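Here is how the chains run, residue by residue.
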Amino acid sequence: MTDYYRPIPCETGRWQLAGGWVRFSQCELLRRGEAPRVVDGAPDAVLAALTAPRAPLLGLSLDRPRIMGIVNTTPDSFSDGGAYDGAEQVRLLAAQGAEILDIGGESTRPGAREVPAAEEIARVTPAIAAGRGLAAVSVDTRKAEVARAAVAAGAGLVNDVSGFDFDPAMAGTVAAAGVPVCLMHAQGIPETMQDNPTYGDVLLDVYDALAERIARAEAAGIARDRIVIDPGIGFGKTQAHNLAILRRISVYHGLGCAVLLGVSRKRFIGSIGGAERPADRVAGTLAVTLSGVAQGIQIHRVHDVAETRQGLALWRAVTTETN
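Basis of the calculations
Residues numbered from 1 in each chain as written. Predicted model: local features only at pLDDT ≥ 70, side-chain atom pairs only at ≥ 80, totals over all residues. Heavy atoms only, no water. Helix = DSSP H or I, 4+ residues; strand = E, 2+ residues; numbered from the N terminus. Buried < 20%, exposed > 50% of the residue type's maximum accessible area, 1.4 Å probe, protein only. Contact = heavy atoms within 4.5 Å. Areas by Shrake-Rupley, 256 points an atom, 1.4 Å probe, with all protein chains shown as cover. Pairing = 2+ DSSP bridges. Axes fitted to C-alpha atoms, helices over the stretch in contact; angles between N-to-C directions. 1 Å grid on protein atoms, 1.4 Å probe; cavity = no way out; pocket = protein on both sides within 12 Å on 5 of 7 lines; lining within 4 Å. Points joined across faces, edges and corners; volume = space filled by probe spheres on them. Nonpolar A, V, L, I, M, F, W, Y, C, P; charged D, E, K, R; others polar. Core = buried A, V, L, I, M, F, W, Y, C linked by side-chain atoms within 4.5 Å. Salt bridge = Lys/Arg side-chain N within 4 Å of Asp/Glu carboxyl O. Right-handed = clockwise from strand over helix to strand, strands pointing away.

Undergrad: How should I be thinking about the overall build of the protein in this particular structure?
TA: When you go through the protein residue by residue, the secondary structure sums to ten helices and twelve strands. Here the C-alpha coordinates of the protein stretch approximately 55 × 45 × 40 Å along the principal axes. Counting all 323 residues of the protein, 55% fall into the buried class. Pairs at least 24 apart in sequence give 68% of the contacts found in the protein among residues at least 6 apart. Carbon and sulfur atoms make up 51% of the accessible area of the protein, which amounts to about 13,400 Å² in all.

Structure follows, in C-alpha cells:
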C-alpha cells in the first residue's frame, strides 16, 4: 500500500515547506480506502522532497506566491469570449502586475474543439512578441509545433494542459529547447472531459498521474527542477473532485516540484458562489487562490491580475510582522 504525506500548515512549524512561506510540523498520512491520520513527520526521502527549496522559475524566486496572467488569443474563451486583442491583453496584464504572461491560442474550455497548429501559431506569436520585456512569457499549448514556434518568438516556459499526453513529440521538443515546462493533469480532452469524469480517489489518482508525467519528462531529459505541476482543477473533474483536491492540495509538494493552481473564474466557483457570469467570479477566485497560498502553492494562474495582486498584498500585510 502506497503512503502519501500531506504537510499540515502550522505557523510555528519545525520545517519550511518547499523553501517558501509555509511551515509544518505534522503531516496527514493518506492511504487509499483509509481515513486520514495525523502523524509527526514523514520518512526522510519524503521530508527532503517537501522541504527542498524550489528552483527559480523564469528568473522569479518561488519563496513567495507569483501571479501568472491569462492571455487568451482565442475567439471562444469561456471567460471573455475573445473580447481582447492578444497584444492588448499582454500590455494590460503586465501593467497590472502579472509576473508571468501565459499566452494561449486554443481554448481548452469544456467542449472546445482542436485548433490547427498553424492557426494557433498565428494567434500566439504576435502576443508573445508584445510581451517580451514586459514580463516573463509562457505559451499555453498541447502541440510541439506550436511550442517550437513560441519559444523561437520568446516564450520561456511551455504550459501543456495535457501533461505530454496529447502530442508524443512534446517532451522531446521541450527538452531540446531547454525551457521549463508545466505539466497539468487532465482526464480526457476538452471536447469530452466533463462528460463523466470518475476516479477511485481523485486526490491520490491525480498525484500518481502527475508522478508518471514527471518520470516521463525526466526520461526525455528534462530535469525535475525545470518541471512545474498543476493538478488541473476543472479538467475532467466534477465540483466534488475539485474541492477534494483543493482541501488537501499541499500533498502535491511531495512530488518535489513547484505547483501551479488555476481556478480563475471556473464553473464550480460560480455554482457555489451564485455567480452565473464568469466575470462575476473574481471574489470567489480570490478566496480559493488564498486558500492555495495558505498551503504553499507557488504560482497562481488568473484572469484578474490587479485584484489578485491586491489580495496578495493584504495577505502579506496581515501574515507578516515587521518591527
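This is not the end of the story, as more comes after the structure.
Undergrad: Explanation requested: the sheet that holds strand E8 (residues 157-160) in the structure shown.
TA: By definition, the strands of a sheet pair up through backbone hydrogen bonds, in either a parallel or an antiparallel sense. Ordered in space as E5-E6-E7-E8-E9-E10-E11-E12, the eight strands form a closed barrel in which the pairing is parallel. Across the sheet, the mean angle separating the axes of adjacent strands is 25 degrees when strand polarity is ignored. Sheet topology note: the strand E10 (residues 227-230)/strand E11 (residues 258-261) ladder contains two bridges and is parallel. By the bridge assignment for E11, valine 228 is matched with alanine 258. Contacts from helix H2 (residues 86-96) reach strand E5 (66-72) and strand E6 (100-104), with the element oriented near 160 degrees to E5. Contacts from helix H9 (residues 282-293) reach E11 and strand E12 (299-302) within the one sheet, and its direction differs from that of E12 by about 170 degrees.

Undergrad: How do you make sense of the layout of surface pockets when you look at a structure like this?
TA: Regions of empty space are outlined by a rolling probe, equal in size to a water molecule, passed over the atoms. If you add up the space inside the second largest pocket, you get close to 390 Å³. Of the residues forming the lining of the second largest pocket, the biggest block, four residues, is contributed by helix H10 (residues 305-319). For the lining of the second largest pocket, the residue count by class is nine nonpolar, two polar and six charged.

Undergrad: Hey, could you run me through the nonpolar core in this one?
TA: Most often, soluble globular proteins have nonpolar side chains that are buried together. Ile128, Phe164, Ile227, Ile229 and Tyr252 are the most contacted members of the largest nonpolar core, which totals 64 residues. Excluding its chain neighbours within four sequence positions, the residues that come into contact with isoleucine 227 are Val181, Leu183, Ile214, Ala217, Glu218, Ile222, Cys257 and Ala258. Residues Leu57, Ala136, Leu157 and Val228 belong to the second largest nonpolar core, which totals twelve residues.

Undergrad: For this particular structure, what's the right way to read the pattern of salt bridges?
TA: When the charged atoms of two side chains lie near each other, side chains of opposite charge can form a pair. Throughout the structure, instances matching the rule amount to 20 salt bridges. The partner of arginine 31 in a salt bridge is glutamate 34, with the nearest N and O atoms 3.9 Å apart. Given the relative accessible area of 41%, glutamate 34 is considered partly exposed. Arginine 265 is paired through a salt bridge with aspartate 304; the nearest N and O atoms lie 2.7 Å apart. With arginine 265 in the loop between E11 and helix H8 (267-273) and aspartate 304 in the loop between E12 and H10, this residue pair connects regions lying 39 residues apart in the sequence. For the residue pair arginine 265 and aspartate 304, the accessibility class agrees, reading buried in each case. Because the salt bridges share partners, they merge into one network encompassing Glu106, Glu120, Arg142 and Lys143.

Undergrad: What's the story with the pairing of E8 in this structure? I'm lost.
TA: In summary, the side chains of a regular strand alternate between the two faces of the sheet. Going residue by residue along E8, you find Leu157 and Asn159 tucked away on one face and Val158 and Asp160 tucked away on the opposite face as well. Note: strand E7 (residues 136-140) against E8, three bridges, orientation parallel. Looking at the pairing, aspartate 140 lines up with asparagine 159 of E8. Note on the crossover from E7 through helix H4 (residues 144-153) to E8: the handedness is right-handed. Here three bridges tie E8 to strand E9 (residues 181-184), and the two strands are oriented parallel to one another. Bridge pairing in E9 places aspartate 160 opposite leucine 183. As a crossover connection, the stretch from E8 through helix H5 (residues 170-177) into E9 is right-handed.

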